[in-house]
Amino acid sequence: MLLCADVGSADADLASGAIACPSCGGRLGPWGHGRERAVRLHYGERAVVRPPRGRCRACRATHMLLPSWMAPRRADGAGVIARAAAAAALHGTGSARLGAELGVPAATVRGWLRRLRSRAGDLRQDATAALGVITAGRDWPCLAPCGSPLGDALAAVVACARAAIACHGYAEEDLDALLGLFGIAAALAPAPGS
Ligand SMILES: [Zn+2]
(Lines give C-alpha, C1' and ligand atoms only; values in the text may rest on other atoms or scores of the structure.)
Protein backbone atom coordinates (compact mmCIF):
# COMPACT_ATOMS: atom_id res chain seq x y z
CA MET A 1 0.00 0.00 0.00
CA LEU A 2 1.18 3.48 -0.90
CA LEU A 3 -0.40 6.72 0.24
CA CYS A 4 -0.58 9.60 -2.23
CA ALA A 5 -1.65 13.15 -1.50
CA ASP A 6 -2.69 13.50 -5.15
CA VAL A 7 -4.26 10.25 -6.33
CA GLY A 8 -5.55 12.10 -9.41
CA SER A 9 -2.08 11.98 -10.92
CA ALA A 10 -1.43 8.36 -9.86
CA ASP A 11 -2.51 6.80 -13.17
CA ALA A 12 -0.23 9.11 -15.16
CA ASP A 13 2.61 8.62 -12.65
CA LEU A 14 2.30 4.84 -12.92
CA ALA A 15 2.30 5.01 -16.72
CA SER A 16 5.45 7.14 -16.73
CA GLY A 17 7.26 5.01 -14.12
CA ALA A 18 7.51 7.94 -11.69
CA ILE A 19 6.51 5.91 -8.62
CA ALA A 20 9.11 3.82 -6.80
CA CYS A 21 8.35 0.33 -5.45
CA PRO A 22 8.29 0.43 -1.63
CA SER A 23 9.65 -3.15 -1.55
CA CYS A 24 12.75 -2.81 -3.74
CA GLY A 25 12.98 0.73 -5.13
CA GLY A 26 12.19 -0.45 -8.70
CA ARG A 27 9.58 1.30 -10.83
CA LEU A 28 5.86 0.59 -10.62
CA GLY A 29 3.82 0.25 -13.81
CA PRO A 30 -0.01 0.32 -14.08
CA TRP A 31 -1.70 -2.89 -12.90
CA GLY A 32 -5.45 -2.30 -12.97
CA HIS A 33 -7.50 -1.01 -10.07
CA GLY A 34 -8.63 -2.27 -6.68
CA ARG A 35 -12.28 -2.73 -5.76
CA GLU A 36 -14.48 0.30 -5.41
CA ARG A 37 -15.00 1.58 -1.87
CA ALA A 38 -17.06 4.37 -0.33
CA VAL A 39 -15.50 6.66 2.27
CA ARG A 40 -17.40 9.00 4.58
CA LEU A 41 -16.10 12.55 4.56
CA HIS A 42 -17.46 15.55 6.45
CA TYR A 43 -21.12 16.08 7.17
CA GLY A 44 -22.20 12.76 5.70
CA GLU A 45 -20.60 13.51 2.33
CA ARG A 46 -19.27 10.36 0.66
CA ALA A 47 -16.54 9.74 -1.86
CA VAL A 48 -16.27 6.63 -4.00
CA VAL A 49 -12.74 5.54 -4.81
CA ARG A 50 -11.40 2.87 -7.12
CA PRO A 51 -7.74 2.98 -6.22
CA PRO A 52 -5.18 2.34 -8.95
CA ARG A 53 -2.78 -0.55 -8.46
CA GLY A 54 0.82 -0.68 -9.59
CA ARG A 55 3.12 -3.61 -10.19
CA CYS A 56 6.85 -3.42 -9.81
CA ARG A 57 8.76 -4.03 -13.03
CA ALA A 58 11.66 -5.49 -11.04
CA CYS A 59 10.27 -7.59 -8.14
CA ARG A 60 6.69 -7.92 -9.48
CA ALA A 61 5.10 -7.04 -6.14
CA THR A 62 1.77 -5.22 -6.50
CA HIS A 63 0.87 -2.15 -4.45
CA MET A 64 -2.41 -0.32 -4.07
CA LEU A 65 -2.23 3.47 -4.36
CA LEU A 66 -4.64 4.93 -1.83
CA PRO A 67 -5.44 8.62 -1.53
CA SER A 68 -4.02 9.74 1.81
CA TRP A 69 -7.38 11.23 2.91
CA MET A 70 -8.57 7.64 3.25
CA ALA A 71 -7.71 5.59 6.30
CA PRO A 72 -6.80 2.08 5.14
CA ARG A 73 -9.66 -0.41 5.68
CA ARG A 74 -11.86 2.14 7.47
CA ALA A 75 -15.13 3.60 6.24
CA ASP A 76 -14.35 7.12 7.52
CA GLY A 77 -11.80 9.47 6.05
CA ALA A 78 -8.56 10.47 7.79
CA GLY A 79 -9.83 14.05 8.27
CA VAL A 80 -13.07 12.92 9.94
CA ILE A 81 -11.15 10.69 12.33
CA ALA A 82 -8.47 13.32 13.02
CA ARG A 83 -11.12 15.93 13.91
CA ALA A 84 -12.93 13.50 16.20
CA ALA A 85 -9.62 12.61 17.88
CA ALA A 86 -8.81 16.32 18.32
CA ALA A 87 -12.20 16.94 19.95
CA ALA A 88 -11.56 14.03 22.33
CA ALA A 89 -7.95 14.93 23.12
CA LEU A 90 -8.27 18.72 23.35
CA HIS A 91 -11.84 19.23 24.59
CA GLY A 92 -12.58 15.92 26.30
CA THR A 93 -15.59 15.23 24.05
CA GLY A 94 -16.85 11.71 24.78
CA SER A 95 -17.01 8.87 22.25
CA ALA A 96 -20.81 8.58 22.54
CA ARG A 97 -21.33 12.23 21.63
CA LEU A 98 -18.77 12.12 18.81
CA GLY A 99 -20.37 8.96 17.46
CA ALA A 100 -23.84 10.54 17.56
CA GLU A 101 -22.59 13.65 15.76
CA LEU A 102 -20.87 11.60 13.06
CA GLY A 103 -23.51 8.89 12.74
CA VAL A 104 -21.16 6.05 13.70
CA PRO A 105 -21.29 3.73 16.73
CA ALA A 106 -19.48 4.95 19.85
CA ALA A 107 -17.44 1.73 19.74
CA THR A 108 -16.08 2.76 16.34
CA VAL A 109 -14.94 6.11 17.76
CA ARG A 110 -13.36 4.32 20.74
CA GLY A 111 -11.52 2.07 18.27
CA TRP A 112 -10.08 5.11 16.42
CA LEU A 113 -8.98 6.72 19.68
CA ARG A 114 -7.44 3.50 21.00
CA ARG A 115 -5.40 3.02 17.83
CA LEU A 116 -4.25 6.65 17.65
CA ARG A 117 -3.39 6.77 21.37
CA SER A 118 -1.33 3.60 21.06
CA ARG A 119 0.65 5.18 18.21
CA ALA A 120 0.74 8.75 19.52
CA GLY A 121 4.45 8.66 20.40
CA ASP A 122 5.58 7.59 16.92
CA LEU A 123 3.02 9.85 15.26
CA ARG A 124 4.34 12.87 17.13
CA GLN A 125 7.98 11.98 16.55
CA ASP A 126 7.54 11.46 12.79
CA ALA A 127 5.40 14.59 12.35
CA THR A 128 7.82 16.72 14.36
CA ALA A 129 10.71 15.52 12.17
CA ALA A 130 8.66 16.21 9.03
CA LEU A 131 7.79 19.70 10.30
CA GLY A 132 11.50 20.48 10.65
CA VAL A 133 12.05 19.52 7.01
CA ILE A 134 8.99 21.38 5.67
CA THR A 135 9.77 24.59 7.54
CA ALA A 136 13.57 24.47 7.12
CA GLY A 137 14.97 27.98 6.82
CA ARG A 138 11.71 29.66 7.86
CA ASP A 139 10.46 31.17 11.07
CA TRP A 140 7.82 28.79 12.32
CA PRO A 141 6.18 28.85 15.76
CA CYS A 142 7.19 26.08 18.17
CA LEU A 143 4.58 23.49 19.06
CA ALA A 144 2.91 24.25 22.38
CA PRO A 145 2.19 21.27 24.66
CA CYS A 146 -1.46 20.13 24.46
CA GLY A 147 -1.72 18.20 27.72
CA SER A 148 -1.80 14.65 26.36
CA PRO A 149 0.34 12.46 24.06
CA LEU A 150 -2.49 12.25 21.52
CA GLY A 151 -3.07 16.03 21.64
CA ASP A 152 0.64 16.65 21.08
CA ALA A 153 0.74 14.16 18.19
CA LEU A 154 -2.29 15.74 16.49
CA ALA A 155 -0.88 19.24 16.96
CA ALA A 156 2.34 18.16 15.22
CA VAL A 157 0.40 16.59 12.31
CA VAL A 158 -1.81 19.68 11.90
CA ALA A 159 1.29 21.91 11.98
CA CYS A 160 2.81 19.84 9.12
CA ALA A 161 -0.37 20.16 7.05
CA ARG A 162 -0.58 23.91 7.73
CA ALA A 163 3.09 24.38 6.85
CA ALA A 164 2.66 22.43 3.60
CA ILE A 165 -0.24 24.74 2.68
CA ALA A 166 1.59 27.91 3.73
CA CYS A 167 5.01 27.10 2.27
CA HIS A 168 4.63 24.45 -0.44
CA GLY A 169 1.71 25.43 -2.63
CA TYR A 170 -0.92 23.04 -1.26
CA ALA A 171 -4.49 24.34 -1.09
CA GLU A 172 -6.94 24.42 1.82
CA GLU A 173 -8.89 21.61 0.05
CA ASP A 174 -5.82 19.41 0.43
CA LEU A 175 -6.00 19.61 4.23
CA ASP A 176 -7.47 16.13 4.79
CA ALA A 177 -5.07 14.53 2.32
CA LEU A 178 -2.19 16.24 4.15
CA LEU A 179 -3.43 15.14 7.59
CA GLY A 180 -3.49 11.59 6.23
CA LEU A 181 -0.10 11.92 4.58
CA PHE A 182 1.61 13.28 7.69
CA GLY A 183 0.73 10.22 9.72
CA ILE A 184 -2.99 9.90 10.45
CA ALA A 185 -3.66 7.38 7.67
CA ALA A 186 -0.69 5.16 8.50
CA ALA A 187 -1.38 5.37 12.25
CA LEU A 188 -4.95 4.14 11.66
CA ALA A 189 -3.86 1.18 9.54
CA PRO A 190 -4.56 -2.16 11.23
CA ALA A 191 -1.69 -3.68 13.20
CA PRO A 192 0.34 -6.14 11.07
CA GLY A 193 -1.28 -9.55 11.13
CA SER A 194 -4.69 -8.32 12.30
ZN1 LIG B 1 9.84 -3.96 -6.35
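Residues numbered from 1 in each chain as written. Predicted model: local features only at pLDDT ≥ 70, side-chain atom pairs only at ≥ 80, totals over all residues.

1. Concerning the overall build of the protein
- In terms of helices and strands, the protein carries 7 helices and 6 strands.
- Helices and strands in the protein line up, N terminus first, as β-α-β-β-β-β-β-α-α-α-α-α-α.
- For 194 residues, the compact-globule formula gives about 16 Å, and the C-alpha radius of gyration of the protein, at 17 Å, lands near that figure.
- Expressed as lengths along the three principal axes of its C-alpha atoms, the size of the protein is roughly 50 × 45 × 30 Å. (Helix = DSSP H or I, 4+ residues; strand = E, 2+ residues; numbered from the N terminus. Rg over C-alpha atoms; globule rule 2.2 N^0.38 Å.)

2. Quick word on the environment of alanine 186
- With respect to the helices and strands, the residue alanine 186 is situated in helix 7 (residues 175–188).
- Take alanine 186: there are 19 C-beta atoms within 10 Å of it, and that puts it in the partly exposed class.
- Along the chain, alanine 186 and arginine 119 lie 67 residues apart, while their C-alpha atoms are 9.8 Å from each other. (Buried ≥ 20, exposed ≤ 12 C-beta atoms within 10 Å, placed from the backbone.)

3. Examining the pairing of strand 5 (residues 52–56)
- Alternating residues of strand 5 divide into Pro52, Gly54 and Cys56, all buried, and Arg53 and Arg55, none buried.
- Across 3 bridges, the pairing between strand 5 and strand 6 (residues 62–67) is antiparallel. Of the residues in strand 6, the one forming a bridge with arginine 53 is methionine 64.
- Where strand 5 folds back on strand 6, the antiparallel hairpin that results is connected by 5 residues, among which arginine 60 adopts a positive phi of roughly 70 degrees. (Pairing = 2+ DSSP bridges.)

4. Some points on the nonpolar core
- Counting 52 residues, the largest nonpolar core has Ala78, Ile81, Ala85, Val157, Cys160, Ile184 and Leu188 as its most contacted members.
- Secondary-structure elements contributing two or more residues to this core are helix 1 (10–15), strand 6, helix 2 (78–91), helix 4 (106–118), helix 5 (120–134), helix 6 (149–167) and helix 7.
- Counting residues per element, this core draws most heavily on helix 6, at 11 residues.
- A domain split of this core shows at least three residues from each of domain 1 (2–67) and domain 2 (78–188).
- Excluding residues that lie within four positions of it along the chain, isoleucine 184 makes contacts with Ala78, Ile81, Ala82, Val157 and Leu179. (Core = buried A, V, L, I, M, F, W, Y, C linked by C-beta atoms within 7 Å. Domains from an automatic or database assignment. Contact = placed C-beta atoms within 7 Å.)

5. A look at the domain arrangement of the protein
- You can read the domains of the protein as domain 1 (2–67) and domain 2 (78–188).
- For domain 1 versus domain 2, the separation of C-alpha centres amounts to 23 Å.
- Between domain 1 and domain 2, the contact holds 7 residues from the first and 10 residues from the second.

6. Some remarks on the pairing of strand 3 (residues 37–40)
- Here strand 3 pairs with strand 4 (residues 46–49) via 4 bridges, running antiparallel. Pairing of arginine 40 across the sheet is with arginine 46, part of strand 4.
- Between strand 3 and strand 4, which pair antiparallel one after the other, the connecting turn spans 5 residues, and tyrosine 43 there sits at a positive phi close to 50 degrees.

7. A few points about the sheet that holds strand 6
- Spatially, 4 strands are ordered 1-6-5-2 in an open sheet, and the strand pairing comes out mixed. Each edge of the open sheet is held by one strand with a lone partner, namely strand 1 (2–4) and strand 2 (28–33). Pairwise comparison of adjacent strand axes, ignoring direction, gives a mean angle of 35 degrees for this sheet. (Axes fitted to C-alpha atoms, helices over the stretch in contact; angles between N-to-C directions.)

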